[in-house]
Protein chains: 4
Amino acid sequence: MDEIDISWVAEPDLDDPVFVEGLPGVGHVGKLVAEHVVEETDSELVCRIHSEHFPPQVTVSDDSVAELASAEVYAVETEGRDLVVLTGDHQAQDNVGHYRVCEAFLDVAEEFDASEVYALGGVPTGELVEEHDVVGAVSDADMKADLEDAGVEFRSEEPAGGIVGSSGLLLGLGGKRGFDAACLMGETSGYLVDPKAAKVVLAVLESMLGFEVDEEALDDRADEMEEVVGRLREMEEGASPGGDEDLRYIG
Amino acid sequence: MDEIDISWVAEPDLDDPVFVEGLPGVGHVGKLVAEHVVEETDSELVCRIHSEHFPPQVTVSDDSVAELASAEVYAVETEGRDLVVLTGDHQAQDNVGHYRVCEAFLDVAEEFDASEVYALGGVPTGELVEEHDVVGAVSDADMKADLEDAGVEFRSEEPAGGIVGSSGLLLGLGGKRGFDAACLMGETSGYLVDPKAAKVVLAVLESMLGFEVDEEALDDRADEMEEVVGRLREMEEGASPGGDEDLRYIG
Amino acid sequence: MDEIDISWVAEPDLDDPVFVEGLPGVGHVGKLVAEHVVEETDSELVCRIHSEHFPPQVTVSDDSVAELASAEVYAVETEGRDLVVLTGDHQAQDNVGHYRVCEAFLDVAEEFDASEVYALGGVPTGELVEEHDVVGAVSDADMKADLEDAGVEFRSEEPAGGIVGSSGLLLGLGGKRGFDAACLMGETSGYLVDPKAAKVVLAVLESMLGFEVDEEALDDRADEMEEVVGRLREMEEGASPGGDEDLRYIG
Amino acid sequence: MDEIDISWVAEPDLDDPVFVEGLPGVGHVGKLVAEHVVEETDSELVCRIHSEHFPPQVTVSDDSVAELASAEVYAVETEGRDLVVLTGDHQAQDNVGHYRVCEAFLDVAEEFDASEVYALGGVPTGELVEEHDVVGAVSDADMKADLEDAGVEFRSEEPAGGIVGSSGLLLGLGGKRGFDAACLMGETSGYLVDPKAAKVVLAVLESMLGFEVDEEALDDRADEMEEVVGRLREMEEGASPGGDEDLRYIG
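Within an unreviewed UniProt entry, the label attached to chain A reads Proteasome assembly chaperone family protein, and the organism entered is Halobacterium litoreum.

Okay, structure coming up:
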């Protein structure tokens, strides 16, 4: 296997598609959105990306077949813009690998003549969030007006710690290669898998790209998490009356 | 030395052999089985595999000769299928190395025209195990029926954490290269070197490949471990009456 | 992107310039000086250096534009010597990367025919410092006399732990390539961002290179830090009367 | 700079020399011996070996000149065999680097047509040692008889944990390349820099190679360490009457 290995399984014709990335990260927001879109639409797997920079492991499917660590790319045709959606269970495990794997992601985007990239993720607030804003960052300031119209907030020098990993590099490397790249980050505590944050990010994406998908699965997932949070609050209140909302990461 | 260096010492003719891997891992189950087969049969060392990705060290033999960290491959002729058995003291130490070393293992398998791969290991249960099942994962669902007949259990999406390291990659990379690859994992606590788990994995291998080896050495080793476990239980009961069975890793 | 990627944005003519490096490190002394010089002069960005060895991240600017991790190089014309100033938010994240990134820094210095290198930094004393000396190390003993005239102290075999990171390698690799390289290290506690240490290093640089810049911004920053230190002292004295001056790193 | 960079400063003619390595390690035994031999003889620096796999740092000499992390090789003519002695302050910092740096060491040995390699080090006993034996390991069992005559002990499968780092790889890689390589390990607590262990290793080396050097400097160093140990014992006895001899690493 090469350092990065792209196995194509389909080469559908898409019409001026947008590249959308959602990998594991803060609150798993990006991955939740990307997987939801893939599941709720007529999506088609187009390639798997394997890499020495992913963990040396396989996952085991429901029929006990081993699947080598990978990112997957799906073609999605919607009533609005067509999408090329990248998701998966892993980010690269090392510094250099992050750069190389993200360049490969952009190669795939180029393969589809996509010139716009949306990197989806979460931004940690450190406390439980009731109202989830979507914070944005862009490769080019000209992109901001349309995104603001779709509800994205732009805050000077935020997130303060920068954007780390695939989402950050898709903006940084994407911008360098001439893509119009935006990162959409749903506010989330940072302690919990957060389907509600995923919903607000999805809403921005739908507004920008002119499509709509059923949200029931995300709602159900959000209800489950609400229950978990409720139980945690009860435990906290029992243990330390008036305790703060600082919870460990749960999902 | 190259990044990976294969030193051939013999090139025996084997008849349609099966490639069997047993390296250190959970409960050292895979290594126990592979070494036992090599010791209890007329086996012949065919090559040593050295790599920069193995630890930078030598082991010292009984006659004080230094042996560079390596994996070893043995040719084994049995009354059933011929075997190419890979074992050793080390796995690769880094992510990229895991991938490259496993590709080299598969190169050796190809050298012998082996098209089937058995990766042996343990699956941790977190508690002391009385009955050891053998859990399986495969590169191709068609392989499951025969393995089930030999006593292997297939459980949907298990092990939940995937299969990490050489055994996992032999399935993942092996499948990608067209091998029929199966991972046979003996249930084991995860805290102890487990010759009993090794015996059940060996039994499946023997059944699949039509050979049989003396098991006395594994039984002796199992008896020793039983004594260790007994003493640990006593210590635990002394220290914390009704204590659980959560032990540190011992071997 | 290549392993190291230099994006040129201007190629000004400088007259026999000196290469000055100030990256994050002990007390952020080097970075404070380099950034101060760039801000207080008519400086011009000449190139950005990106590398797989920098962290896989972007920072977000005040107008929400993502900027890929980089080091930046500025051309500075002064009333004395011209300067090529390298600064940024990151050092390489791995051993090999440190070497390769520093070679690229020296390539940039050569691009400008600079033959002298000043690597700026701090040297930790482990306690709060009232009088900040500037300790020096050089690639060639002939450089010492002039630096001593400018107030630099040379102490045998100090700093005892050597000089680690970019500043150290610019001396080591720079000397190897024929540059006259000096490291100017302001004494600093090692616990705090230290604008006062930056001022004494700046003073040496100004004296050596015949220029002068306004110091108000560094003074303001120093006053802020004085307040922080004052509050910390009060807290310490409250908590442990006669307590020592061993503080955590704050900036 | 290349991944590994050998800067030659002299190319003396040596007569059938022996390659001797002593780098930092257990009890700093190897480094103590190698440096002592270099200092007590008419030695000549022949090359410096730099590498990206050494730490990214310089040390500062007594005249404040920065010296890039390196290993140094000296030519030593004795009344017995000529020596090529490798010493320095660093081992490689990563797995792959260990292998590559050691291959470069062996390249230097070949440059001098040395066919014998002595890797010097310590073997940790875990307790303070009164009588220091020298334990050996070899690349070829035929070497053992002469070494035993010189006082080396060969113990089956010891050290049990193998030999890690440069000394181990010089045996492993050296043996692979056809060198006669031996590792001489002085028994030492593992907690202290140990000049006494160095003396016994030196004695074996002198006996094998037919030379003798003044030992006063090692004796002085040993006396200093005796005092340190004495004070530590007193402190221990004060703190815990009848306390064991388990001390932290001190040097």
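After that view of the structure, there is still more to cover.
Asker: Explain the overall build of chain A residue by residue, including any values.
Answerer: Within chain A one finds 6 helices and 12 strands. Taken over the C-alpha atoms alone, chain A extends approximately 55 × 50 × 35 Å along its principal axes. In chain A, which comprises 251 residues, the share counted as buried stands at 57%. A fraction of 77% describes how many contacts in chain A between residues 6 or more apart in sequence connect residues 24 or more apart. As displayed, chain A offers around 10300 Å² of accessible surface, 40% of which is attributable to carbon and sulfur atoms. On chain A, the mean spot of the 14 positive side-chain charges and the mean spot of the 61 negative ones are 6 Å from each other.

Asker: I'd like a rundown of the relation of the copies chain B and chain A, residues and numbers included.
Answerer: Once chain B has been moved 0.1 Å along the axis and rotated by 90 degrees, it coincides with chain A to within an RMSD of 0.1 Å. Those values place the two copies in the arrangement expected of a four-fold rotation axis. For chain B, the minimum C-alpha distance to the rotation axis belongs to Asp94(B) and amounts to 7.2 Å.

Asker: Mind laying out the sheet that holds strand β4 (residues 57-60) of chain A, listing which residues take part and the relevant values?
Answerer: The 3 strands lie next to each other as β5(A)-β4(A)-β11(B), forming an open sheet whose pairing is antiparallel. Edge positions in the sheet fall to β5 (66-68) of chain A together with β11 (163-164) of chain B, since each of these pairs with one other strand and no more. Most of the contacts of helix α4 (residues 166-176) of chain B go to β5(A), to which it runs at about 85 degrees, and overall it touches β4 and β5 of chain A together with β11 of chain B.

Asker: I'd like to hear about the interface of chain B and chain A, residue by residue, with values.
Answerer: Chain B puts 30 residues into the contact, and the matching count from chain A is 23 residues. For the pair chain B and chain A, the summed buried area comes to about 1900 Å², and 56% of that belongs to carbon and sulfur atoms. Summed over the three residues of chain B that lose the most area to chain A, namely Asn95(B), Tyr99(B) and Lys176(B), the buried surface amounts to 30% of that side. The tally of links between chain B and chain A comes to 2 salt bridges. For Asp5(A), the salt bridge goes to Lys176(B), with nearest N and O atoms at 2.8 Å. The interface formed by chain B and chain A holds 15 residue pairs in polar contact (both at pLDDT 80 or more) in total.

Asker: If you had to explain helix α2 (residues 95-111) of chain C to someone new, which residues and values would you point to?
Answerer: Compared with an ideal rise of 1.5 Å per residue, which puts 17 residues at 24 Å, α2(C) spans 25 Å between its outermost C-alpha atoms and is within 8% of the ideal. Positive phi shows up at Asp113(C), right after α2(C), with a value of about 55 degrees.

Asker: Please set out the interface of chain B and chain D residue by residue, giving values where relevant.
Answerer: Taken together, the contact pairs 23 residues of chain B with 30 residues of chain D. Buried area between chain B and chain D, summed over both chains or domains, comes out near 1900 Å², and the portion from carbon and sulfur atoms is 56%. Applying the counting rule to chain B against chain D returns 2 salt bridges. Salt-bridge contacts for Glu52(B) lead to Arg100(D); the nearest nitrogen and oxygen are separated by 2.7 Å. Summed over the shared surface of chain B and chain D, the number is 16 residue pairs in polar contact (both at pLDDT 80 or more). Listed by contribution, the elements that provide at least two residues to the side of chain B that touches chain D are β1 (4-8), β3 (43-51), β4 (57-60) and β5 (66-68) of chain B. Element by element, the count of residues in the side of chain B that touches chain D is highest for β4(B), at 4 residues. Residues of the side of chain B that touches chain D, tallied by class, amount to 10 nonpolar, 9 polar and 4 charged. In the sheet, β4(B) pairs with strand β11 (residues 163-164) of chain D via 2 bridges, with the strands oriented antiparallel. Within the sheet, the bridge partner assigned to Val58(B) lies in β11(D) and is Ile163(D).

Asker: Run through the packing of aromatic side chains, naming residues and quoting values.
Answerer: Residue and element names in this part refer to chain A. Using the criterion set out here, one finds 4 aromatic pairs over all chains in the structure. Ring geometry for Trp8 against Phe112: centres 6.0 Å apart, planes inclined by 50 degrees, an arrangement best described as tilted. Residue Trp8 is found in strand β1 (residues 4-8), and its partner Phe112 is found in the loop between α2 (95-111) and β8 (116-124); the two are separated by 104 residues along the sequence. With a relative accessible area of 31%, Trp8 lands in the partly exposed category.

Asker: Could you give an account of unusual backbone geometry, with specific residues and numbers?
Answerer: All names here are of chain A. Cis geometry is found at the peptide bond from Glu158 to Pro159, where omega equals 0 degrees. Residue position: Pro159 is located in the loop between β10 (152-153) and β11 (163-164). Positive phi, normally seen in glycine, also occurs at His28, with a value near 50 degrees. Locating His28 in the fold gives a position in the loop between β2 (18-22) and α1 (29-40). The class for His28 is partly exposed, based on a relative accessible area of 27%. At Asp113, a residue that is not glycine, the phi angle is positive and equals roughly 55 degrees. With respect to the secondary-structure elements, Asp113 resides in the loop between α2 and β8.

Scoring rules and cut-offs
Residues numbered from 1 in each chain as written. Chains lettered and ligands numbered in written order. Predicted model: local features only at pLDDT ≥ 70, side-chain atom pairs only at ≥ 80, totals over all residues. Heavy atoms only, no water. Helix = DSSP H or I, 4+ residues; strand = E, 2+ residues; numbered from the N terminus. Buried < 20%, exposed > 50% of the residue type's maximum accessible area, 1.4 Å probe, protein only. Contact = heavy atoms within 4.5 Å. Areas by Shrake-Rupley, 256 points an atom, 1.4 Å probe, with all protein chains shown as cover. Lys, Arg positive; Asp, Glu negative; His and termini not counted. Charge placed at Lys NZ, Arg CZ, Asp CG, Glu CD. Least-squares fit on C-alpha atoms with pLDDT ≥ 70 in both. Pairing = 2+ DSSP bridges. Axes fitted to C-alpha atoms, helices over the stretch in contact; angles between N-to-C directions. Buried area = accessible area lost by both parts, 1.4 Å probe. Salt bridge = Lys/Arg side-chain N within 4 Å of Asp/Glu carboxyl O. Polar contact = N/O pair within 3.5 Å; in protein donor to acceptor, adjacent residues only side chain to side chain. Expected span 1.5 Å × (residues − 1). Nonpolar A, V, L, I, M, F, W, Y, C, P; charged D, E, K, R; others polar. Phe/Tyr/Trp six-rings, centres within 6.5 Å; stacked < 30°, edge-to-face > 60°.

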